Structures are given as structure tokens and as C-alpha cells.
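Spelled out from the first residue to the last, the chains are:
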Amino acid sequence: MHAITIEQPGGPEALVWDRAPDPVAGEGEVLVDVAASAVNRADLLQRQGFYDPPPGTSPHPGLECSGRIAAVGPGVSGWAVGDEVCALLSGGGYAERVAVPAGQLLPVPAGTDLATAAALPEAACTVWSNLFMVAHLRPGETVLVHGGASGIGTMAIQLAKAAGATVAVTAGSPEKLARCKELGADVLIDYRTQDFAAEVKAATGGAGADVVLDIIGAKYLARNVDALAVSGRLVVIGLQGGVKAELNLGALLAKRAAVAGTTLRARPREEKAAIVAAVREHVWPLVEAGRVRPVVHTVLPMREAAEAHRLVESGAHVGKVLLAV
Ligand SMILES: NC(=O)c1ccc[n+]([C@@H]2O[C@H](COP(=O)([O-])OP(=O)(O)OC[C@H]3O[C@@H](n4cnc5c(N)ncnc54)[C@H](OP(=O)(O)O)[C@@H]3O)[C@@H](O)[C@H]2O)c1
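Attention here is on the structure that accompanies the text.

Criteria and cut-off values
Residues numbered from 1 in each chain as written. Predicted model: local features only at pLDDT ≥ 70, side-chain atom pairs only at ≥ 80, totals over all residues. Heavy atoms only, no water. 1 Å grid on protein atoms, 1.4 Å probe; cavity = no way out; pocket = protein on both sides within 12 Å on 5 of 7 lines; lining within 4 Å. Points joined across faces, edges and corners; volume = space filled by probe spheres on them. Helix = DSSP H or I, 4+ residues; strand = E, 2+ residues; numbered from the N terminus. Nonpolar A, V, L, I, M, F, W, Y, C, P; charged D, E, K, R; others polar. Domains from an automatic or database assignment. Pairing = 2+ DSSP bridges. Axes fitted to C-alpha atoms, helices over the stretch in contact; angles between N-to-C directions. Contact = heavy atoms within 4.5 Å. Salt bridge = Lys/Arg side-chain N within 4 Å of Asp/Glu carboxyl O. Buried < 20%, exposed > 50% of the residue type's maximum accessible area, 1.4 Å probe, protein only. Disulfide = S-S within 2.5 Å.

## A look at empty space enclosed by the protein
Logical step 1: All told, the structure shown has 2 cavities of 30 Å³ or more when counted by the stated rule.
Logical step 2: One number sums up the size of the largest cavity: a volume of about 50 Å³.
Logical step 3: Forming the boundary of the largest cavity are Ala-119, Ala-123, Gly-151, Thr-154, Met-155, Gln-158, Arg-293, Pro-294, Val-295 and Lys-320.
Logical step 4: Element by element, the count of residues in the lining of the largest cavity is highest for helix α3 (residues 151–162), at 4 residues.
Logical step 5: Here the lining of the largest cavity is composed, by residue class, of 5 nonpolar, 3 polar and 2 charged.
Logical step 6: Here the lining of the largest cavity spans two domains, and each of domain 1 (2–120 + 265–324) and domain 2 (124–261) adds at least three residues to it.
Logical step 7: Estimated volume of the second largest cavity: approximately 30 Å³.

## Describing the sheet that holds strand β8 (residues 142–145)
Logical step 1: Reading across from one edge, β10-β9-β8-β11-β12-β13 is the order of the 6 strands in this open sheet, with parallel pairing throughout. Each edge of the sheet is formed by a strand with only one pairing partner; in this case those strands are β10 (187–190) and β13 (258–261). The mean angle between the axes of side-by-side strands here comes to 15 degrees, regardless of whether they run parallel or antiparallel.
Logical step 2: Seen against the sheet, α3 touches β8, β9 (166–171) and β11 (209–214) and runs at an angle of roughly 165 degrees to β9.
Logical step 3: Strands β9 and β10 of the sheet are contacted by helix α4 (residues 174–182), whose axis makes an angle of about 165 degrees with β10.

## Some details on the pattern of salt bridges
Logical step 1: Inspection of every chain in the model, using the stated rule, returns 12 salt bridges.
Logical step 2: A salt bridge links Asp-33 to Arg-97, with the shortest nitrogen-to-oxygen separation between them at 2.7 Å. Remark: Arg-97 occurs in strand β6 (residues 97–101) and Asp-33 occurs in strand β3 (residues 29–38); sequence separation between them is 64 residues.
Logical step 3: What makes Asp-33 partly exposed here is its relative accessible area of 33%.
Logical step 4: One network of salt bridges, with partners in common, ties together Arg-138, Glu-141 and Arg-233.

## Focus on the state of the cysteines
Logical step 1: By the definition in use, this model includes 0 disulfides.
Logical step 2: Between Cys-65, a free cysteine, and Cys-86, which holds the nearest cysteine sulfur, the sulfur-to-sulfur gap is 8.0 Å.
Logical step 3: Taking the relative accessible area as the measure of exposure, Cys-65 reaches 1% and is therefore buried.
Logical step 4: Not part of a disulfide, Cys-125 finds its nearest cysteine sulfur in Cys-86, a span of 8.8 Å.

As C-alpha cells, then:
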């Protein structure tokens, strides 16, 4: 098969469409003929040599894909050759074929075309697991989503609104905030010109956000705690603003608040399967009803993955950048 290979970590030019060994479906796995994959922020780090694939997983980047099942390995039931699927991956999506643990497969939602379905698994699983399984966001609560126009943010806005929450977002331009509003965001904060903690408090009568979904990390830690309501939950899932910061525990105790951090890729297969099952149960009906839609900025040929990385690095995109085989 062909796949995007990284011989030497570096800039986007390190991504080369080359011949690669065909993957094999092991015990409990299926082989998928990839129709499309999507660029995630983590792929940029992997390309630069800062985020190696977990042991035993594909060396090719790509944390999600859509496609058709080409072969079913031993011990798999419920899936057949020819089924149209999308999948959460530990890597290997930037390729013509990928082996996937059966627990990480999802059917293509009715009404979504095969390539577009590649935009869903990583964002849906990350957002569902963090907002609902970790932070227990409830109807009537307020959530602050940082980077509302990102792949993750566009999904978080829609899932939080569908759950009956009030949604505040940050983004770096009025144009991106307008796109967040179209998706349902209620409180729009330009982080370049406004203080998000003050804005969230002003929008909630001084109470603050019940949940903060954070992709910035160190740079926002103190202000995120400041923005939290009493009994608030801060979930850190990205570290674009650094890894080390000082935390005022007094502020945390006074609010009876909690801070959590998670990564999806490093979770064991069983945990990923549980998240995928929850997404199929709770998110797929919303997608099929048109209440949650994949937000696709553009689709590029997979062999032009370097161009796709340049685009995501520039920050000009809203939602997901897809790579079609
Ligand atoms: N832990 C996990 O399991 C997990 C899983 C998936 C993703 N993630 C993380 O989630 C984040 C989003 O991923 P993605 O693939 O959706 O990336 P993406 O589409 O490239 O989005 C990155 C976003 O960060 C925003 N941003 C940059 N600086 C900001 C700031 N100071 N304040 C608020 N927003 C800012 C950018 O918005 P502007 O252009 O408006 O600045 C952009 O929309 C990444 O950090 C990624 O590592 C974590």
C-alpha cells in the first residue's frame, strides 16, 4: 500500500507519500480500506518528533479514518467485509489501509457521506469523554470551550448545546467567533482583546463556568480556575500554552473545584472501546438527526498531507481538514 511516512521528523516536507508494508488484521481487529483521514493537532507534534506513537501501533500518523472493511480478523463479530465505517485510531490513518481494533469502529452515520465521516471519531470521542464522562456536564450548566473554532471546539459547542448547556467560547478573531455562533455558541469571547475570565463571569451573573474545556494548559491555568464557578470542573486536554504553571490551591479549595487532565490516544483498548460505544449511543443519533454536524474546512488529497499540515499550522481553518485517498 501507500502511506504518509516520516523518515526524519521536521517540517511539513517530512511527510512523504511512499510505499509501506500492508497492515494485517490481528486478533480482534479488522482491516479498513481508507477513504479519508483527518488532520489533528497531535499529528503536527508527531511529525516534529515530539509525540511518538504508542508502542505496538502504526508508525504512520492519523488518529481517525473512514472507509470500507476489507478483511475481518479472528475473534471479530458484528462487522463484515464491505461495511462502511469510521474509526478512532492510535495512528495509521494517513494510509491506504489500516488495522483497527473492532471496538474502535463506528458505522457511518445515516446522512453523512463516507469521506466526511472521517471528521467525526476523534472530536466526538474526545469531547464526549471529557465533557460528559469526566466533567459530567449537566443541562442548565455553563461550559467555557477554549478554541471554539478548532476541530475539537466545533464539536464541543454542538454537543454541549444539544445537552442543554449554555456555551461560552474563545477564539482569536471575529470571523471565527461568528462561525462559533452559527454552531450555537451563546457567549463569544475574543481572547486577543478580552479577558475571558471576566467575560464568563459577566455572562453568568458573577457565578462563572461550571465546566471549562481547555486546550491551552499552563498559560491559562490561573485564569481558568478564576473563571470556574463553585463546584466547577476544569478539564485540560491540550497544552498549546505550555506544561508547567503555578496553581493557587486556595482558590481551588474555596470553590470546591476540580482539575482533571486526559489524553485519548494513550488509553488502553478497552477504555477506547467504552468511549466509542458511548459515542455511538449518545452522539450518533444527534448526527443522524442533523443536530450535530461535522464541520469540514476543506478536503485535500492524502498525498498532499504536507499542504494540509501547513494549513492547520497557519490556524486559518475552522473545524477539520480532511485527507482523501
Ligand atoms: N487530550 C486529548 O485526548 C486530545 C484529543 C484531541 C485534541 N486534543 C487537543 O485539543 C486541541 C485542539 O485540537 P484540534 O485538532 O481541534 O486543533 P486545531 O483545529 O488546530 O485547533 C487549535 C485551536 O487553538 C486555538 N487557539 C490557539 N491559541 C489560543 C488561545 N490562546 N486561546 C484560545 N484558543 C487558542 C486556535 O484558535 P485561534 O485561531 O482562534 O487562535 C485553533 O482553533 C489541541 O491542543 C489538541 O492537542 C486533545
